[in-house]
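# Chains, contacts and geometry: an overview
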Amino acid sequence: SSFAQRFDLQLLDSTQEVPPPPIRVRLRRALARIWRLITIFKHQKPDAMLVFASGGFSFIEKALMVGYARLRGVPSLLSVRSGHFIDLCRRSRVYRAICGVLLRFPRFLICQGRAWQTFFDQVFGLNAERCPIVDAWVATEAFLDIGKNRKARSTGCVEILFVGRIERFKGVFELLAAVRDLAAEDLPYFRLTLAGDGNNAMEAKSWVAQHGLSDRVRLVGWVDGEAKLALFRDADVFVLPSYTEGLPNAMIEAMAAGLPVVVTPVGSVPDVVSDGVQGLLVEPRSVQALTAALRKLLRDREARMSMGRSAHLTAQERFGTETAARRLAELVTRAIAPS
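Okay, so let's go over this structure.

### Quick notes on the pattern of salt bridges
- Throughout the structure, instances matching the rule amount to 16 salt bridges.
- Ionic pairing is found between arginine 168 and glutamate 203, a salt bridge with its closest N-O pair at 2.4 Å. Highlighted residues: arginine 168 in the loop between β4 (158–163) and α8 (172–183) and glutamate 203 in helix α9 (residues 201–210), separated in sequence by 35 residues.
- Using a relative accessible area of 42% as the deciding quantity, one classes arginine 168 as partly exposed.
- Note on glutamate 203: relative accessible area 35%, which makes it partly exposed.
- Ionic pairing is found between aspartate 181 and arginine 180, a salt bridge with its closest N-O pair at 3.1 Å.
- Residue classification places aspartate 181 among the partly exposed positions, given a relative accessible area of 30%.
- Taken together, the shared-partner salt bridges in this structure form one network comprising Arg107, Glu129 and Arg334.

### Some points on unusual backbone geometry
- Unusually for a residue other than glycine, arginine 285 sits at a positive phi of about 70°.
- Of note, arginine 285 is situated in the loop between β9 (279–281) and α12 (287–299).
- Look at arginine 285 and you get exposed, because its relative accessible area is 57%.

### Concerning the pairing of β4
- β4 sits mainly inside the fold: six of its six residues count as buried.
- Burial along β4 is two-sided: Val158, Ile160 and Phe162 facing one way and Glu159, Leu161 and Val163 facing the other are all buried.
- For β4 and strand β7 (residues 237–240), the ladder comprises two bridges, and the chain directions are parallel. Bridge assignment links leucine 161 to a residue of β7, and that residue is phenylalanine 238.

How each quantity is defined
Residues numbered from 1 in each chain as written. Predicted model: local features only at pLDDT ≥ 70, side-chain atom pairs only at ≥ 80, totals over all residues. Heavy atoms only, no water. Salt bridge = Lys/Arg side-chain N within 4 Å of Asp/Glu carboxyl O. Helix = DSSP H or I, 4+ residues; strand = E, 2+ residues; numbered from the N terminus. Buried < 20%, exposed > 50% of the residue type's maximum accessible area, 1.4 Å probe, protein only. Pairing = 2+ DSSP bridges.

What follows is the structure, given as structure tokens:
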């Protein structure tokens with residue numbers, strides 16, 4: 001995007017491997033990253049710092065980085081991207097108290113939607129001015145081109161796609177149970193593709209074999225690049241029945257690719273998906289609700305296409321890369337400007 005042309009970027013990669021390594025390894029790597037940050041400041045102190053964090057330990061690490069930047073007089077913009085952060089704050093009084101202190105450090109807390117903005121206001125008393133919304137920017141031209149060129153298929157297997165961590169909290173086993181039940185019904189032939197890896201991948205494979213669903217479910221592991229685009233291109237329906245989310249990137253990618261989405265109303269998802277418009281909303285952990293939603297889309301090709309078109313338009317209007325780049329650039333400029 002144009003963001004890289006607007007600013008001279010120094011990048012510090014904090015990507016976490018999946019599954020996460022033991023805590024001692026994570027701590028050692030976190031300390032190494034913080035030391036690398038200090039070294040960057042020593043050689044060329046930046047004008048601002050843009051930081052992306054997950055929940056749990058990741059947030060603590062990134063908030064310490066933000067605190068160091070503040071000590072050095074550098075304004076920071078922090079974006080927390082994981083729904084687990086909200087869940088942990090609500091469950092743990094201690095974690096919530098720690099976060100209440102650390103969240104005072106950044107100049108802006110970038111939110112993925114109104115649900116995040118409301119959370120920061122209600123739980124930490126941070127107003128909307130401190131917590132601006134910047135929609136996710138994963139509706140790239142590659143995905144939008146897939147949606148723009150999508151055509152209805154009158155015959156053949158209906159392809160259902162899941163992209164994400166193969167974990168219980170992603171609703172993987174409720175999804176497998178729904179596939180088992182639907183496979184016993186008189187419906188158009190369908191197949192589910194699970195793309196991703198995670199702690200429960202082997203368990204999911206065993207579950208599929210145990211229930212005789214090898215012809216209905218395929219697990220393709222981690223995908224990226226053209227292989228990932230091909231999965232979205234070949235799919236007819238996208239499903240992500242998570243228990244918790246911030247705002248899932250894979251859902252936005254699916255919408256950009258013109259797919260109807262079957263998702264749960266968690267995090268900022270309801271800010272984006274209206275039931276029956278861009279897709280269908282189902283209650284988390286409910287095999288029955290998930291089965292009903294998928295049954296509807298399997299039976300109704302016109303509904304799949306109509307919702308897919310609406311999803312594509314929403315992604316194009318709200319989640320394009322340049323739209324977010326301009327908004328981020330505006331916030332960085334405001335953060336740098338003297339108070």
